[in-house]
Amino acid sequence: MTSSAALVSSAVRPACVALHAFDREPDRLSYRFLVGASPFSLSIWYEGVDFLALERRFGLDFMRRIYFHIGAFNANQFVSMAPVRIDFGEFAQYADAPFDELWRAVYAGAWAQWRYENQLPQYRGPEFPLAATTGSPVTFADPGRSLLFSGGGKDSVVAQAALAAAGASYDSLTYSHSVYGTARYQHELTEKVLRFGAQIERRRISVFDDFLDSPILERQEYDVATICAAETPASIFMSLPLALTFGYHTFVVGHERSAEFANLVWAATGEAVNHQWGKSLDAETRLSRYTADRLLRGFHLYSVLKPLADPAIFVLAAAELDALRHAHSCSVRQPWCERCTKCAYIWISYRAYLPPEFVAGIFQTDVLALPENRRCFRELLGLGTHRVFDCVGMPEETRLAFELCRRAGIRGGAMADFEAAQFDEPYPHLLTQGLTIDDALAVNIPDRVWRNVRPWATQQLAAAAPALAGVLRR
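Throughout what follows, the structure given in this document is the object of discussion. (Residues numbered from 1 in each chain as written. Predicted model: local features only at pLDDT ≥ 70, side-chain atom pairs only at ≥ 80, totals over all residues. Heavy atoms only, no water.)

Moving on: the pairing of strand E3 (residues 38-46). Direction of pairing for strand E2 (residues 28-35) relative to E3: antiparallel, over a ladder of 8 bridges. Note that in E3 the partner of Ser30 across the bridge is Ser43. Here E2 folds back onto E3 in antiparallel fashion, the turn holding 2 residues, of which Gly36 has a positive phi close to 65°. Where E3 lies against strand E7 (residues 202-209), 5 bridges are found, and the strand directions are antiparallel. (Pairing = 2+ DSSP bridges. Helix = DSSP H or I, 4+ residues; strand = E, 2+ residues; numbered from the N terminus.)

What follows concerns the pairing of strand E8 (residues 250-253). Where burial is concerned, the two faces of E8 agree: the one with Thr250 and Val252 and the one with Phe251 and Val253 are both buried. As paired strands, strand E5 (residues 146-149) and E8 are joined by 2 bridges and run parallel to one another. Considered in E8, the bridge of Leu148 is made with Val252. Of the strand pairs in this sheet, E8 and strand E11 (residues 300-303) are connected by 4 bridges, and their pairing is parallel. Bridge pairing in E11 places Val253 opposite Ser303. (Buried < 20%, exposed > 50% of the residue type's maximum accessible area, 1.4 Å probe, protein only.)

A full pass over the atoms with the stated rule returns 44 aromatic pairs. With a centroid separation of 6.0 Å and 85° between ring planes, the pair formed by Tyr107 and Tyr123 is classed as edge-to-face. With Tyr107 in helix H3 (residues 97-110) and Tyr123 in the loop between helix H4 (112-117) and E5, the pair connects residues that are 16 residues apart, well separated along the chain. The two residues Tyr107 and Tyr123 agree in class, both being buried. Consider the rings of Tyr116 and Phe389, whose centres lie 6.2 Å apart with planes at 75°: the pair is edge-to-face. Placement of Tyr116 in helix H4 and of Phe389 in the loop between helix H14 (374-380) and helix H15 (395-407) is noted, with a sequence separation of 273 residues between them. Judged by relative accessible area, which is 22%, Tyr116 ranks as partly exposed. Look at Phe389 and you get buried, because its relative accessible area is 18%. The ring of Phe314 carries the charged tip of Lys154 above its face, separated from the ring centre by 4.8 Å. In this structure, Arg203 is placed above the aromatic ring of Phe246, and the distance from its NZ or CZ to the ring centre is 3.5 Å. (Phe/Tyr/Trp six-rings, centres within 6.5 Å; stacked < 30°, edge-to-face > 60°. Lys NZ or Arg CZ within 6 Å of the ring centre and 35° of its normal.)

Structure representation (structure tokens):
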């Protein structure tokens, strides 16, 4: 257990975050937390899950371990208030040493950006007492289908195409979160993408959370400026009831290669700060190993896109335009607000790799020309103080997209900033690098999947490369 009480400024509150109450219905889990004296609630609705039936099948104690992990990895968002300790309430008996090790690893990786933004280099997270080691993983029959997580973006489009190319049998999962808007609207948007996939069944989870979108940061006594939530670890544990109900041994995500690289190295601590750590191979293997060892024997989590950089993913997406037409990636207003870093990145990349008429049918404005987007594009190009904190590609990948657009005759707006910067980049090399598959990052992908996905991707990338190289020679 790491002691942090003496390392947090006395101005930082609250002293404690506590799980105050828990309840479950056949299809819903409800948690109530206290952040200091302020109550916040989390409600998770599942389609097709019966928790009472799962308790009869696997035992109440095991299911309470599942409920604990779901609550604990959703509660880590409250660490954003820099509490001295956390009280897991009625589930405290499950907070053992292996859990503590994973919790600290997730905190170190996912909260590095938050600590950097709030200048808390010495804060190591809240204390909690360690319980004795409890329980062992359960075993259940594998029906031979994976569960593919789909957020409805371009990565989801390519991931479902990759599994289809591999001949893999899978079901899909979408989960909505109240911070992104109404559950029905989010599910309907993603459904438009999923109808082009080859999944057998479609699963849904709906999360209602009154903390992330609250005005709590306006309370000056907390002395923090930003909130962090480790969405990927939380979503993995939140989906385990589906694995238990339907027998999934394998979860598949669509996390790309750029998640492996830090946004900056923090001078105060020497640590790498990675906005996308939760999507990294490190996070993936830690979550997979822990779940298999502690909860679901035989469990495996992998990203089918991990060996691919964004240029390759955009090229592969170009073969899936019917599905891509309905994709969305904006975190401000779905499907596209057209005035944020994510929208700016997708627009310039779409224009670089997709037909112009297709892009014109997706976006209502010329995103490059909007004056309010100049800052977004500058940050994407690497002209800020560090690589932008968002789920986007590398600065050199953005520069390559700009150069492809410039060579294609696109002018105006932020293109002037790109031209003025006079980047000394070997663009043909960047293109080759961006379309090259990194087999070293395929170590977690099952052989039966990768031996089919790799030639499928290789063939499409090789077919697209000459035309893109030709654009750079103009």
